[in-house]
Amino acid sequence: MKDALIRLSQAAALALLFTAAAQAAGGHDGHNMSSMAMPAATAPIGKPGDAARVTRTINIDMNDAMRFTPDRIEVKAGETVRINVRNVGKIRHELVLGTDADLKAHYDMMMKDPGMRHEEANAVSLDAGESGQIVWRFDKAGTVSFGCLEPGHYSAGMKGAVSVL
Amino acid sequence: MRTLPPLARRRFVQGLAAGGALAALGGWRAALAQSHPAPTAELRGAEFHLEIGETPVNFTGAARVATTVNGQLPAPLLRWREGDTVTLHVTNRLREQTSIHWHGILLPSNMDGVPGLSFDGIDPGQTFTYRFDVRQSGTYWYHSHSGFQEQTGLYGAIVIDPRRRDPIASDRDYTVLLSDWTDEDPMRVFDKLKVMPDYYNRIQPSMQSLADNAGDRGWRAALADRLMWERMRMNPTDLADVSGATYTYLTNGATPAANWTGLFKPGERVRLRFINGSAMTYFDVRIPGLTMTVVAADGQDVRPVDVEEFRIGVAETYDVIVTPAQDRAYTIFSQAMDRSGYARATLAPRAGMQASVPEMDRVQVLGMMDMGMAHDMSGSQPMPAGHAGHGADAGQGGMVEVRHPYPAERGVGNSMLPDVVSTRLDDPGPGLRDNGRRVLTYADLRSVREPDDNRAPSREIELHLTGNMERYMWSFNGVKFSDARPIVLRHGERVRFVLVNDTMMTHPIHLHGLWSDLESPDGAFQVRKHTISLNPAQRISYRVSADTRGNWAYHCHLLYHMEAGMFRAVVVE
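Quick caveat: nothing in here was measured; it's all calculated off a predicted structure. (Residues numbered from 1 in each chain as written. Chains lettered and ligands numbered in written order. Predicted model: local features only at pLDDT ≥ 70, side-chain atom pairs only at ≥ 80, totals over all residues.)

Undergrad: Quick question: what am I supposed to make of the overall build of chain B here?
TA: If you tally the helices and strands in chain B, you get six helices and 33 strands. When each of the 573 residues of chain B is scored for burial, the buried share is 55%. Sequence-distant contacts in chain B: of pairs separated by 6 or more residues, those separated by 24 or more amount to 77%. (Helix = DSSP H or I, 4+ residues; strand = E, 2+ residues; numbered from the N terminus. Buried ≥ 20, exposed ≤ 12 C-beta atoms within 10 Å, placed from the backbone. Contact = placed C-beta atoms within 7 Å.)

This is the structure in structure tokens:
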């Protein structure tokens, strides 16, 4: 499990490097970087929010039918939101914010190496009956996805989306 | 019929409060002084030394000798970790050959422990070392695959902790291993069954019941009914061949009177890992006052489902979560499917507390559906909800006419042929239909994870479960093991097995080494199991990935049926 965490953080570090490189290159002369595959993790989903700036609280339940309730929420661009997450099931679930591609990639990694655990600011992993929260600032209009990356759950449809207006 | 005086009979059914394996205290004299059964040890780690021997036991007031591991019955709980390589040195201290099979465990064929098929067996005085990588997690068990040693005590639990955090968090974690003990020599039991297959059936229709039946429906109908059963060489109370007439049912090696007890604090989440390590007995399990959330079947996580009762076939495992809220005792009540007796244990906040033990349910006789007849002529057996009359519920597999492609199925090897069979995964089975409780069925079981190899099968192998109860012959397709060729699979192929139960008994069918991926009635993957139970006149299909080469046993897990020939070799080339 330790190995997996290290590998995961290496992947994240690599992704950050790519972002930096891409931005630097883009800023220089507008050279077309499209031939270089952009790691999914760099897509803009926002950033960890400041609890003092929370303007709204949203409650989401996770259940053993492999669903989030609600699974569609709307926020305004620039808004900092507290997402209260409650596991109402009997087995562990988690809520991870990301792009679809990012979630899919993480999920595939989880399936291969289920030792991973999500403790980053964009995720909350909860045992049965537990509650937790994510404070997140959604800065750009678009769609931010979320999913449960426990093996079997994501592919069973345990996913949802935040529409950032 | 043998009759026991009431007190002796009671002790025989209830068992001794002080029963169990007595070796630790050194022999018969010490046995009398024993006040509690020795708790079964839990062995953890990656290297194990298991010594198979004989140990004196006394479950009913009669001193007997059991086959044990390290002097214990059940054998020690083995706790492994997913990803480890385990090494198990098994030494035979018996006077006959022995073996251990790791039930439901993925491993190389030569580590599977079936004498004559996967290895040579372990001779007296010899040590065999099993070594394999643990590639799964969950609740499993192990047992002898030699003679009747499984009946005489050689069975134990395996719990494999997952490499990642277990998604099923709990405050307490207990294995609940159910089994059937007989004071008789199993060879004698088997011989008696061969001579007189209904020897242990104490619920046969009597002249009085015929008269009662006639009173309700007229003699003509009652006699026609009786004649029909006789023509089929079957009997409608034929739920189990070996019953509480000889068995004392055990929970973790404890008789109902000895009352194995698991402790909890009110409000805690308690995980109970039920394992049916019986030779012949299906159990219907409930804990009055508690809802059980089923979270795993045969070691595989399933989508949690709340039930009040479940039937556990021989060799199956179910993990459930209960959350006892009150400061009181709860009874874990496991009645034998034929209602000839029960196993009993207790969950309690403090040792010594107990709750009332429910009355056993009435016996429900088999009906037309169980016999594969299209109409319910006898009126004795209600159809499960959704299956009344024609058409049935297509969603769970309605009735289909059955083809009997093998001529060998007729004749002495098989005494009856159903006209219609159905998948009806939502049928809880004989004795549990419409009992007013929420009973688990296979329709409720859905694996959390899809199989890595989820290809559609490229071919189909249909096998019929066949038997002639009057002659105690049991087989696949009417051909017993000694006369049958192996089933050959090509390495890497994915095959659909279709099983049709032509008999009137319930059979747990176990394929070694390869998963059985049960299909829903519409042919989609539903749940991964290692043992698939079929009700009478039921048709079930499942997918098998032939991903490990070697010879694998494939058999009915009712011990005496397996011995009688309901067994095939599956060879993956």
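Next comes the rest of the description.
Undergrad: Quick question: what am I supposed to make of the overall build of chain A here?
TA: Regarding its fold elements, chain A presents two helices and 10 strands. Listing the helices and strands of chain A from first to last along the sequence gives α-β-β-β-β-β-β-α-β-β-β-β. Split into buried and exposed, the 165 residues of chain A put 31% on the buried side. Sequence-distant contacts in chain A: of pairs separated by 6 or more residues, those separated by 24 or more amount to 75%.

Undergrad: It is not clear to me how the interface of chain B and chain A should be interpreted in this structure. Could you clarify?
TA: Much of the literature gives interface size as the accessible area that the parts lose upon coming together. Residue-level contacts link 14 residues of chain B with 15 residues of chain A. Across the side of chain B that touches chain A, the residue classes break down as seven nonpolar, one polar and six charged. (Nonpolar A, V, L, I, M, F, W, Y, C, P; charged D, E, K, R; others polar.)

Undergrad: Explain the environment of Cys556 of chain B to me, please; I cannot follow it from the model alone.
TA: All names here are of chain B. Looking at the secondary structure, you find Cys556 in strand S32 (residues 550–556). On the basis of neighbour count, Cys556 is assigned to the buried category, with 28 C-beta atoms found within 10 Å. The sequence separation of Cys556 and Arg446 amounts to 110 residues, and the corresponding C-alpha distance is 23 Å. Excluding residues within four positions of it along the chain, Cys556 makes contact with Trp474, His507, Pro508, Ile509, His561, Met562 and Met566.

Undergrad: Hey, could you run me through unusual backbone geometry in this one?
TA: Most of the time, phi is negative for any residue but glycine, and the peptide bond is trans. The step from Thr69 of chain A to Pro70 of chain A runs through a cis peptide bond, and the omega angle for that step is -5°. Tracing the sequence through the fold places Pro70 of chain A in the loop between strand S3 (67–69) and strand S4 (72–75). Here the residue pair Leu73 of chain B and Pro74 of chain B is connected by a cis peptide bond, since its omega of -5° sits within 30 degrees of zero. Considering the arrangement of structural elements, one finds Pro74 of chain B in the loop between strand S3 (64–69) and strand S4 (75–81). If you check the backbone angles, Asn70 of chain B has positive phi at about 50° while not being a glycine.

Undergrad: Would you take a moment to explain the sheet that holds strand S6 (residues 101–103) of chain B for this structure?
TA: Strand pairs in the sheet, formed through backbone hydrogen bonds, run parallel or antiparallel to each other. Residues and elements named next belong to chain B. Within the open sheet, the five strands sit side by side as S1-S4-S9-S8-S6. Their pairing is mixed. In this open sheet, the two strands that pair with only one neighbour each are strand S1 (42–44) and S6. Within the sheet, the average angular offset between the axes of one strand and its neighbour, ignoring direction, is 25°. (Pairing = 2+ DSSP bridges. Axes fitted to C-alpha atoms, helices over the stretch in contact; angles between N-to-C directions.)

Undergrad: Explain the sheet that holds strand S14 (residues 283–286) of chain B here, please?
TA: All names here are of chain B. In space, the five strands of this open sheet follow the order S12-S20-S19-S14-S17, with mixed pairing throughout. Of all the strands in the sheet, just strand S12 (260–263) and strand S17 (310–312) have a single pairing partner and so form its edges. Strand-to-strand twist across the sheet, computed as the mean angle between neighbouring axes with direction ignored, equals 25°. Of the pairings in the sheet, the one linking S14 to strand S19 (residues 330–336) comprises four bridges and is antiparallel in character. In the strand pairing of S19, Phe283 is matched with Ala336.

Undergrad: So what exactly am I meant to see when it comes to the pairing of S32 of chain B here?
TA: Two faces make up the sheet, and in a regular strand the side chains alternate between them. Residues and elements named next belong to chain B. Most of S32 is tucked away: six of the seven residues are buried. In this sheet, S32 lies alongside strand S27 (residues 507–511) in antiparallel orientation, the contact comprising three bridges. By the bridge assignment for S32, Ile509 is matched with Cys556. As defined by bridge partners, S32 adjoins strand S33 (residues 567–572) across six bridges and the pair is classed as antiparallel. Each bridged residue has a counterpart across the sheet, and for Trp552 the counterpart in S33 is Val570.

Undergrad: Please explain helix H2 (residues 100–112) of chain A as it appears in this structure.
TA: Since the α-helix packs 3.6 residues into each turn, any two residues three or four apart lie on the same face. Residues and elements named next belong to chain A. Here H2 is 13 residues long and its end C-alpha atoms lie 18 Å apart, about the 18 Å a rise of 1.5 Å per residue gives. All buried positions along H2 are accounted for by Asp102, Leu103, His106, Tyr107 and Met110. Looking straight down H2, one finds that the buried residues subtend no more than 130° of arc, so they occupy a single side. Looking at the packing, one finds that the buried side of H2 touches strand S6 (93–98) and strand S9 (142–147). (Expected span 1.5 Å × (residues − 1). Arc of directions from axis to C-beta.)

Undergrad: For this particular structure, what's the right way to read the nonpolar core?
TA: The tendency in soluble globular proteins is for nonpolar side chains to be buried side by side. Within the largest apolar cluster, 148 residues are counted, with the highest numbers of intra-cluster contacts made by Ile158, Phe274, Val294 and Val320 of chain B. In contact with Val294 of chain B, other than residues within four places in its own chain, are Val302, Pro304, Val305, Val307, Phe310, Tyr318, Val320 and Leu440 of chain B. Formed by 28 residues, the second largest nonpolar core is a distinct cluster that contains Leu95, Val96, Ala123 and Leu149 of chain A. (Core = buried A, V, L, I, M, F, W, Y, C linked by C-beta atoms within 7 Å.)

Undergrad: Help me out: how do you make sense of helix H3 (residues 186–195) of chain B in this one?
TA: Residue and element names in this part refer to chain B. Listed in full, the buried residues belonging to H3 are Pro186, Val189, Phe190 and Leu193. In an axial view of H3, the angular spread of the buried residues amounts to 95°, which keeps them on one side of the axis. Opposite its buried face, H3 presents the exposed residues Met187, Arg188 and Val195, each directed more than 90 degrees away. Tucked inside the fold, the buried residues of H3 contact strand S10 (172–182) and helix H6 (559–564).

Undergrad: When you look at the environment of Pro48 of chain A in this model, what are you seeing that I'm missing?
TA: All names here are of chain A. The topology assignment puts Pro48 in strand S1 (residues 47–48). Classification of Pro48 as partly exposed rests on a count of 13 C-beta atoms within 10 Å. Measuring from C-alpha to C-alpha, the distance between Pro48 and Asn122 comes to 6.9 Å, with 74 residues separating the pair along the chain. Not counting chain neighbours up to four residues away, the residues in contact with Pro48 comprise Ala121, Val135 and Trp136.

Undergrad: Explain the environment of Leu465 of chain B to me, please; I cannot follow it from the model alone.
TA: Residues and elements named next belong to chain B. The topology assignment puts Leu465 in strand S23 (residues 459–468). With 24 C-beta atoms packed within 10 Å, Leu465 lands in the buried category. In the structure, Leu465 is positioned 280 residues away from Asp185 in sequence and 27 Å away in space, judged by C-alpha atoms. Contact partners of Leu465, with chain neighbours within four places excluded, come to Phe476, Leu499, Val500, Asn501, Asp502, Thr503, His507 and Leu534.

Undergrad: How should the confidence of the model for chain B be read in this particular structure?
TA: Interpreting fine coordinate detail is not advised for predicted regions of low pLDDT. Residue and element names in this part refer to chain B. Considering every residue of chain B, the mean pLDDT works out to 85; 80% of them sit at 70 or more. Overall, residues 23–37 carries pLDDT values under 50, and its contacts beyond four positions in sequence, including any with other chains, amount to 26 contacts. Across residues 375–394, confidence stays below pLDDT 50; counting only partners more than four residues off in sequence or on other chains, it has 39 contacts. Of the two predicted TM-score estimates for the complex, the pTM is 0.84 and the ipTM is 0.74. (pLDDT = per-residue confidence, 0-100.)

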